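The chain contents come next:
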Amino acid sequence: MADNKKYYYLKLKDNFFESDELKMLQSYSIGKNEGYVYSDILLKMYLKSLKNDGALLFKGVIPYSPEMLATVTNHGIGEVKDALGKFEALGLITKIDNGAIFMNDIQHFVGQSSTEADRIRAYRSKLDKVKKIDSVQMYDKRTPEFRDKSLEIRDKRIDKTYSAAKTAPSPAKAEPHLPFDEIVTFLNEKAGTKYRSSSAKTKKLIHARFEDGFKLDDFKTVIAKKTDEWLNTDMAKYLRPETLFGTKFESYLNQKKGVDPSDPWNQHYE
């Protein structure tokens, strides 16, 4: 008899635990288990969100509460609430008004393909739309099938275009005219650093964010928010291009104000 069940899996890179966020989580003590409790909770939340494109929804409809997450992760409610606060502070999750929780980086852990960038952009677009909706009624059982069919049609179209483009001669690429100097100068002025706008790695990060659709003012907003929050704290060492302009850029841009700059961990899940 054929097995028609769908299987979901999490694909992690070998440097997953080397990210700034995971190092910070694991270095934070929490009783005897220390910060490894947080990484265990985080991985279990990623797994629970796979079926709903990063949304933590029980049966695809009901948002997981901290109490529900404590049950499914096999951790205490206090540990879960504390972990959720830290995940939100680090930009690992987004909590919207209707109570739903989204795992911000889930699209980086579902495999690689020539259309990976398109999947990530589609996920971000979906998340932006969900943030504007107060009800979770949009999560009906037809949504995954409709979504998968739309992605399949789109991917075939994109792959066909991509294949045709591969046979055409590639013109020499000119360096894009982006405000590298203005962005890095603004960072150095705000954070008291001496980063160079000529750095290839920094240029690559800035270019990637512009490719995602962000603008100069978005960079200045992120820099201003994070320097106000992290400057003169233990987090000041993370006021650098690879952290600010990396995969958490959109989370930093949309971060709510009111964070205590003297204690970046002092955020609790209400």
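Let us look at the structure shown here.

Basis of the calculations
- Residues numbered from 1 in each chain as written.
- Predicted model: local features only at pLDDT ≥ 70, side-chain atom pairs only at ≥ 80, totals over all residues.
- Heavy atoms only, no water.
- Phe/Tyr/Trp six-rings, centres within 6.5 Å; stacked < 30°, edge-to-face > 60°.
- Buried < 20%, exposed > 50% of the residue type's maximum accessible area, 1.4 Å probe, protein only.
- Lys NZ or Arg CZ within 6 Å of the ring centre and 35° of its normal.
- Axes fitted to C-alpha atoms, helices over the stretch in contact; angles between N-to-C directions.
- Helix = DSSP H or I, 4+ residues; strand = E, 2+ residues; numbered from the N terminus.
- Parallel < 35°, antiparallel > 145°, perpendicular 65-115°, else oblique.
- Left-handed = near helix turned anticlockwise from the far one by under 90°.
- Contact = heavy atoms within 4.5 Å.
- Nonpolar A, V, L, I, M, F, W, Y, C, P; charged D, E, K, R; others polar.

## Some points on the packing of aromatic side chains
Describing an aromatic ring pair means giving the distance of the ring centres and the angle of the ring planes.
Then comes step 1: Taken as a whole and judged by the stated rule, the model has seven aromatic pairs.
Then comes step 2: Here phenylalanine 58 and tyrosine 64 contribute two aromatic rings whose centre-to-centre distance is 6.1 Å and whose plane-to-plane angle is 80°, an arrangement assigned as edge-to-face.
Then comes step 3: Given the relative accessible area of 34%, phenylalanine 58 is considered partly exposed.
Then comes step 4: Taking relative accessible area as the criterion, tyrosine 64 reaches 8% and is therefore assigned buried.
Then comes step 5: Taking 5.2 Å as the distance between ring centres and 20° as the angle between the ring planes, the aromatic pair formed by phenylalanine 210 and phenylalanine 219 counts as stacked.
Then comes step 6: Given a relative accessible area of 0%, phenylalanine 219 falls into the buried group.
Then comes step 7: Positioned over the ring face of phenylalanine 180 is lysine 203, at 5.4 Å from the centre of the ring.
Then comes step 8: Positioned over the ring face of phenylalanine 186 is lysine 220, at 5.6 Å from the centre of the ring.

## Here's the deal with the packing of helix α3 (residues 66-73) against helix α4 (residues 77-89)
Then comes step 1: Following both chains from N to C, one finds α3 and α4 inclined at 110°, their axes separated by 9 Å at the closest point. Between α3 and α4, the angle falls in the class roughly perpendicular. By crossing handedness, the relation of α3 to α4 is classed as right-handed. Touching Pro66, Glu67, Leu69, Ala70 and Thr73 of α3 are Ile77, Val80, Lys81 and Leu84, all from α4.
Then comes step 2: A per-class count over the contact of α3 with α4 returns six nonpolar, one polar and two charged.

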